[in-house]
Amino acid sequence: DTTVKQNPRYKLARVGKPVNLICSQTMNHDTMYWYQKKPNQAPKLLLFYYDKILNREADTFEKFQSSRPNNSFCSLYIGSAGLEYSAMYLCASSRAQKYEQYFGPGTRLTVL
Amino acid sequence: GDKVKQSPSALSLQEGTNSALRCNFSIAATTVQWFLQNPRGSLINLFYLVPGTKENGRLKSAFDSKESYSTLHIRDAQLEDSGTYFCAAETTGNTGKLIFGLGTTLQVQP
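Draft legend 1. View of the environment of B:C87. Residue and element names in this part refer to chain B. Relative to the elements of secondary structure, C87 occurs in strand 9 (residues 83-91). Given a relative accessible area of 0%, C87 falls into the buried group. Linking C87 and N24, residues 63 residues apart in sequence, is a C-alpha distance of 9.7 Å. Once you skip the residues sitting within four places of it in the chain, C87 turns out to touch V4, Q6, C23, F25, Q33, W34, I99, F100 and G101.

As C-alpha cells, this is what we get:
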C-alpha cells in the first residue's frame, strides 16, 4: 500500500486566520514532504522532515511551520493566511531521502 | 521551471497514436520521477528512474544523466491518458528535494 492521505481535501480560510493541514502515511516512511502547487506553476518544496529533523526552504522559512509527532503523521501550519497562500498543498513521503516519493491527493486551500 | 525544462508545454493527440514528452535538465540530475496529475489534482507516480529505461504497459521512460534529459513515450494513446505530466529531478547535494518542470498538458482526442 503506497497511500498517503491528506485532510481536509478542501479548505476555505479567511485572511489573517490560521490554517492547519494534515498528512498521514502508514508505509513507515521516514521522510515526509510538503509542496505548494499553484496553477500553471511547478510544485514547489516548502519543507520536509527526515525522521524528527525539520528542513525548511530558505524562501519559505518564515511562512510555514510543521510538526511531526510520530512517524506516520505530519502537519503544515500557516499562522496567518494571506491571499497568496491559496494553492494546492501536496504531501509526499519516501522511505528515506533520495528514494521515490509518493504523493497524497492534496488539499486545495482557498483564502478569502 | 528553469532547471527542469519540459517540452512540449501542451500536446493534442488522436486516440491510438504515439508521442514522446521530454525533460531537459540544467542541473546534475541523479534520479528522475514522472507523474501524471489527474483532473482532481493528485499526482500519480508513473516512473522512478536512475539512469536507464523502464517500461510499464503503454508507457516507456528513459533517463540519460550524462546527456541530462529524460523522455516519456506514450504508445497507443487512450482518452484516460489525458492530463498534465510532470517530471521531477533530484540532484547531488539536494538530498530529498525534487525539482519539478512546469509540466506537459496532454489532451487525447477521440
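Right, picking up where we left off after that structure.
Draft legend 2. Spatial organisation of the nonpolar core. Among the nonpolar cores identified, the biggest contains 24 residues, and B:V4, B:F25, B:W34, B:L46, B:F47, B:L72 and B:Y85 are the most heavily contacted of them. Looking at this core, the elements with two or more residues in it are strand 3 (19-25), strand 4 (29-37), strand 5 (43-49), strand 7 (59-64), strand 8 (69-74), strand 9 and strand 11 (104-109) of chain B. If one sorts the elements of this core by residue count, strand 4 of chain B sits on top with four residues. Ranked by size, the runner-up nonpolar core spans 23 residues in total, among them A:A13, A:Y49, A:C74 and A:Y102.

Draft legend 3. Local environment of the state of the cysteines. Residue and element names in this part refer to chain B. Counted according to the given criterion, the structure contains two disulfides over all chains. Sulfur-sulfur distance for the disulfide between C23 and C87 comes to 1.6 Å. On the sign convention where negative means left-handed, the S-S torsion of about -100° between C23 and C87 marks this disulfide as left-handed. Of the two residues, C23 is situated in strand 3 and C87 in strand 9; the sequence distance between them amounts to 64 residues.

Draft legend 4. Looking closely at the pairing of strand 3 (residues 19-25) of chain A. Residue and element names in this part refer to chain A. The alternating pattern of strand 3 places V19, L21, C23 and Q25 on a buried face and N20, I22 and S24 on a face that is not buried. Alignment of strand 1 (residues 4-7) against strand 3, held across four bridges, turns out to be antiparallel. Within strand 3, the residue paired with K5 across the bridge is S24. Looking at chain direction, strand 3 and strand 8 (residues 73-78) are connected through six bridges and run antiparallel. In the sheet register, C23 faces strand 8, and the bridge partner there is C74.

Draft legend 5. Here's a closer look at the side chain of A:E57. By the element assignment, A:E57 lies in the loop between strand 6 (53-56) and strand 7 (65-70). For A:E57, a relative accessible area of 16% gives the class buried. Once you skip the residues sitting within four places of it in the chain, A:E57 turns out to touch A:L45, A:L46 and B:K97.

Draft legend 6. Quick peek at the interface of chain A and chain B. Contact residues are listed per partner, giving 22 residues for chain A and 20 residues for chain B. Across the interface of chain A and chain B, roughly 1,800 Å² is buried in total on both sides, 53% from carbon and sulfur atoms. Taken as a group, A:K98, A:E100 and A:F103 account for 31% of the area that chain A buries against chain B, more than any other trio of residues on that side. If you look at where chain A meets chain B, you find one salt bridge. Taken together, the connections running from chain A to chain B amount to five residue pairs in polar contact (both at pLDDT 80 or more). Within the residue set of the side of chain A that touches chain B, elements represented by two or more residues are strand 4 (31-37), strand 5 (44-50), strand 9 (87-94) and strand 10 (102-103) of chain A. By residue number, the principal contributor to the side of chain A that touches chain B is strand 4 of chain A, which donates three residues. In terms of residue class, the side of chain A that touches chain B is made up of twelve nonpolar, four polar and six charged.

Draft legend 7. How the structure looks around unusual backbone geometry. In this model, A:N7 is joined to A:P8 through a cis peptide bond whose omega is -10°. Within the fold, A:P8 resides in the loop between strand 1 and strand 2 (10-13). At the junction of B:S7 and B:P8, the peptide bond is cis and its omega measures out at -10° in the coordinates. As for its position among the elements, B:P8 is in the loop between strand 1 (4-7) and strand 2 (10-14).

Draft legend 8. Layout of the sheet that holds strand 1 of chain A. Residues and elements named next belong to chain A. Taken in spatial order, the four strands make up an open sheet running 1-3-8-7, and their pairing is antiparallel. Each end of this open sheet is capped by a strand with a single partner; those strands are strand 1 and strand 7. With strand direction ignored, the average angle separating the axes of adjacent strands in the sheet is 20°.

Cut-off values and rules
- Residues numbered from 1 in each chain as written.
- Chains lettered and ligands numbered in written order.
- Predicted model: local features only at pLDDT ≥ 70, side-chain atom pairs only at ≥ 80, totals over all residues.
- Heavy atoms only, no water.
- Helix = DSSP H or I, 4+ residues; strand = E, 2+ residues; numbered from the N terminus.
- Buried < 20%, exposed > 50% of the residue type's maximum accessible area, 1.4 Å probe, protein only.
- Contact = heavy atoms within 4.5 Å.
- Core = buried A, V, L, I, M, F, W, Y, C linked by side-chain atoms within 4.5 Å.
- Disulfide = S-S within 2.5 Å.
- Pairing = 2+ DSSP bridges.
- Buried area = accessible area lost by both parts, 1.4 Å probe.
- Salt bridge = Lys/Arg side-chain N within 4 Å of Asp/Glu carboxyl O.
- Polar contact = N/O pair within 3.5 Å; in protein donor to acceptor, adjacent residues only side chain to side chain.
- Nonpolar A, V, L, I, M, F, W, Y, C, P; charged D, E, K, R; others polar.
- Axes fitted to C-alpha atoms, helices over the stretch in contact; angles between N-to-C directions.

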